[in-house]
Amino acid sequence: MKTAIYRAPHEEFQYRLLACLMRPSLALRQLWLRLPIGSFRLRLTFDIFPRPHYAYGVFHAAEEARMLGVPRISVIEFGVAGGNGLVALEKIAEEVEKLTGVAIQVFGFDTGRGLPPLRDYRDLPYKWQTGEFAYEAEGVRKRLKRATLIVGDVNETVPKWCAEPSRVPLGFVAIDVDLYHSTVNALRIFEREPEYLLPRVYTYLDDVIFTSRYLGELLAVREWNAAHAHAKIDAITALACSRFFQHRWLAGMFIAHFFEHPRYNDHTGFLDHSGM
Ligand SMILES: C[S@@+](CC[C@H](N)C(=O)[O-])C[C@H]1O[C@@H](n2cnc3c(N)ncnc32)[C@H](O)[C@@H]1O
């Protein structure tokens, strides 16, 4: 198989040097990332997190919960692979818990065997392959401090998880399962009674860049929206122009709105999404 043409090491060095000279704020951010001092709120403003999208989603979900008087929420990463994202998510949850006083339960869902069999063009077989990102679940669990890893195909694990009555309201979901069919099943997490959902659930979609609305995660979301008259998963309008740094994660940040949720109209005030 042919491989992509990447930058050679000397070109990579040149690129980094030029990028820093042309946009010094990027160099400053890299430095700050290595020494992450400052309050959570300040670091959130300047994206000083390995996964700024998780920090953004968890913080705003907890803020909504606090305004609504909801004492605890859950946050989920769909598609865990080796656990880098889930480890980042649990660290962020710890900080946000201290800041807001809202308790946060963290969950990760993964097959434990990498991508399941791809079914058709909607799963983007030109991009992904069955079995990609396979990691031993036990190895991932050893990296976790507080998150629960749920192993199995989301086709089975999501309905099982939803059937458990003890769950707390969902506040943030990161969907990184790559495939259309997996996303369709992950989105079933939203088909729950309102007491298990915040009226608005922050939803990050990882694979919405350099793709199409007719494939993968975006197609699954469009179909979900068409099937739900009183709920919609929508991009956060004007988010990019209100943030200091322009990052690709901004294109993946959505909110699932449940218009008929009994608390949808409760006043929470204007939540400042820029932090500036
Ligand atoms: C790109 S990786 C996730 C990377 C991870 N979020 C991170 O940031 O490090 C995609 C993961 O989705 C998982 N996945 C895809 N389809 C799935 C399904 N139907 N059920 C459970 N996990 C699935 C794969 O096992 C794979 O580990």
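Sequence order as written defines residue numbering, which begins from 1 separately in each chain. With the structure being a predicted model, the display of local features is reserved for residues of pLDDT at least 70 and the display and counting of side-chain atom pairs for 80 or more, all residues being used for whole-chain, interface and lining totals.

## Focus: the overall build of the chain
Logical step 1: Secondary structure counts use DSSP, requiring at least four H or I residues in a row for a helix and at least two E residues in a row for a strand, with both numbered from the N terminus. Counting secondary structure elements, the chain contains nine helices and seven strands.
Logical step 2: In summary, the chain has a C-alpha radius of gyration of 19 Å against a globular reference of 19 Å for 276 residues, a match within 12%.
Logical step 3: Counting only C-alpha atoms, the chain reaches 55 × 45 × 40 Å along its principal axes.
Logical step 4: For the exposure call, what matters is how many other C-beta atoms sit within 10 Å of a residue's own: 20 or more marks it buried, 12 or fewer exposed, and in between partly exposed, using C-beta atoms placed from the backbone. Here the chain holds 276 residues, and 36% of them are scored as buried.
Logical step 5: Once C-beta atoms have been placed from the backbone, residue pairs whose C-beta atoms lie within 7 Å are recorded as contacts. Across the chain, the fraction of contacts at a sequence separation of at least 24, relative to all contacts at a separation of at least 6, is 73%. We take the radius of gyration over the C-alpha atoms and set the globule estimate at 2.2 Å times the residue count to the 0.38 power.

## Focus: the packing of helix α4 (residues 52-68) against helix α5 (residues 84-100)
Logical step 1: Axis lines are fitted to C-alpha atoms, over the contacting stretch for helices. Their N-to-C directions set the angle, which ranges from 0 to 180 degrees. Contact geometry for α4 and α5: axes closest at 9 Å, N-to-C directions at 35°. Our pair here, α4 against α5, has a crossing hand that is right-handed. Where α4 abuts α5, its residues Tyr 54, Ala 55, Val 58, Phe 59, Ala 62, Glu 63 and Arg 66 lie against Ala 88, Leu 89, Ile 92, Ala 93, Val 96 and Thr 100.
Logical step 2: Among the residues making up the contact of α4 with α5, the classes are represented as ten nonpolar, one polar and two charged. In this scheme the handedness of a crossing depends on how the near helix is turned from the far one: anticlockwise by less than a right angle means left-handed, clockwise means right-handed. Here the nonpolar group is Ala, Val, Leu, Ile, Met, Phe, Trp, Tyr, Cys and Pro; Asp, Glu, Lys and Arg are the charged ones; every other residue, Gly included, is treated as polar.

## Regarding the nonpolar core
Logical step 1: Here, a nonpolar core means buried Ala, Val, Leu, Ile, Met, Phe, Trp, Tyr and Cys residues linked by C-beta atoms lying within 7 Å of one another. Counting residues in each nonpolar core, the largest one holds 62 residues, and the members touching the most others are Val 58, Ile 73 and Val 75.
Logical step 2: If one sorts the elements of this core by residue count, α4 sits on top with eight residues.

## Describing the domain arrangement of the chain
Logical step 1: By convention here, the domain bounds are inherited from an automatic or database domain assignment. Once the domains are mapped, the chain shows domain 1 (1-35) and domain 2 (38-258).
Logical step 2: Computed over C-alpha atoms only, the centres of domain 1 and domain 2 are separated by 28 Å.

## Some thoughts on the site of the ligand
Logical step 1: In this entry, near means the residue's backbone-placed C-beta atom lies within 6 Å of the molecule or strand. Near the ligand, the surroundings consist of 22 residues, among which Gly 79, Ala 81, Gly 85, Phe 133 and Ser 182 are the closest.
Logical step 2: Elements that contribute at least two residues to the shell around the ligand include exactly α5, β2 (103-110), α7 (154-163) and α8 (180-186).
Logical step 3: Broken down by class, the residue content of the shell around the ligand amounts to nine nonpolar, eight polar and five charged.

## Here's the deal with the pairing of strand β5 (residues 197-205)
Logical step 1: Along β5, nine of the nine residues are buried, which leaves the element largely enclosed by surrounding structure.
Logical step 2: Each pair of strands is called paired provided DSSP finds at least two bridges between the two strands. The pairing of strand β4 (residues 170-175) with β5 spans five bridges and is parallel. Looking across to β5, one finds that Phe 172 is bridged to Tyr 202.
Logical step 3: This β-α-β element, β4 to α8 to β5, shows right-handed connectivity.
Logical step 4: Here five bridges tie β5 to strand β7 (residues 253-258), and the two strands are oriented antiparallel to one another. Bridging from a neighbouring strand, Thr 203 pairs with Phe 254 of β7. Seen with its strands pointing away from the viewer, a crossover is right-handed when the path leading from the first strand over the helix to the second is clockwise.

## What about the environment of Lys 127?
Logical step 1: Summarising the element assignment, Lys 127 is placed in the loop between β2 and α6 (137-143).
Logical step 2: What makes Lys 127 partly exposed here is the crowd of 15 C-beta atoms within 10 Å.
Logical step 3: Residues Lys 127 and Pro 50 lie 77 residues apart in sequence; the distance between their C-alpha atoms is 25 Å.

## As for helix α1 (residues 9-22)
Logical step 1: Expected helix span is computed as 1.5 Å times (number of residues minus one). For α1, spanning 14 residues, the distance from its first C-alpha to its last is 20 Å, which sits close to the expected 20 Å at 1.5 Å a residue.
Logical step 2: Burial analysis of α1 places just zero of its 14 residues in the buried class, which makes it a mostly uncovered element.

## Here we look at the pairing of β4
Logical step 1: By the criterion of burial, β4 is predominantly enclosed, with six of the six residues buried.
Logical step 2: One ladder, built from five bridges, connects strand β1 (residues 72-78) with β4; its direction is parallel. Bridge pairing links Ser 74 to Leu 170 in β4.

## Brief notes about the sheet that holds β7
Logical step 1: The seven strands lie next to each other as β3-β2-β1-β4-β5-β7-β6, forming an open sheet whose pairing is mixed. Each of the sheet's edge strands pairs with one partner strand only, and the pair in question is β3 (148-151) and β6 (231-235). For this sheet, the mean inter-axis angle between neighbouring strands, taken without regard to orientation, is 20°.
Logical step 2: Taken together, the seven bridges between β1 and β2 define a ladder with parallel strand orientation. Counterpart to Arg 72 in the pairing with β2 is Ala 103.
Logical step 3: Against the sheet, α5 makes contact with β1, β2 and β4, and its axis sits at roughly 170° relative to β2, the strand it touches most.

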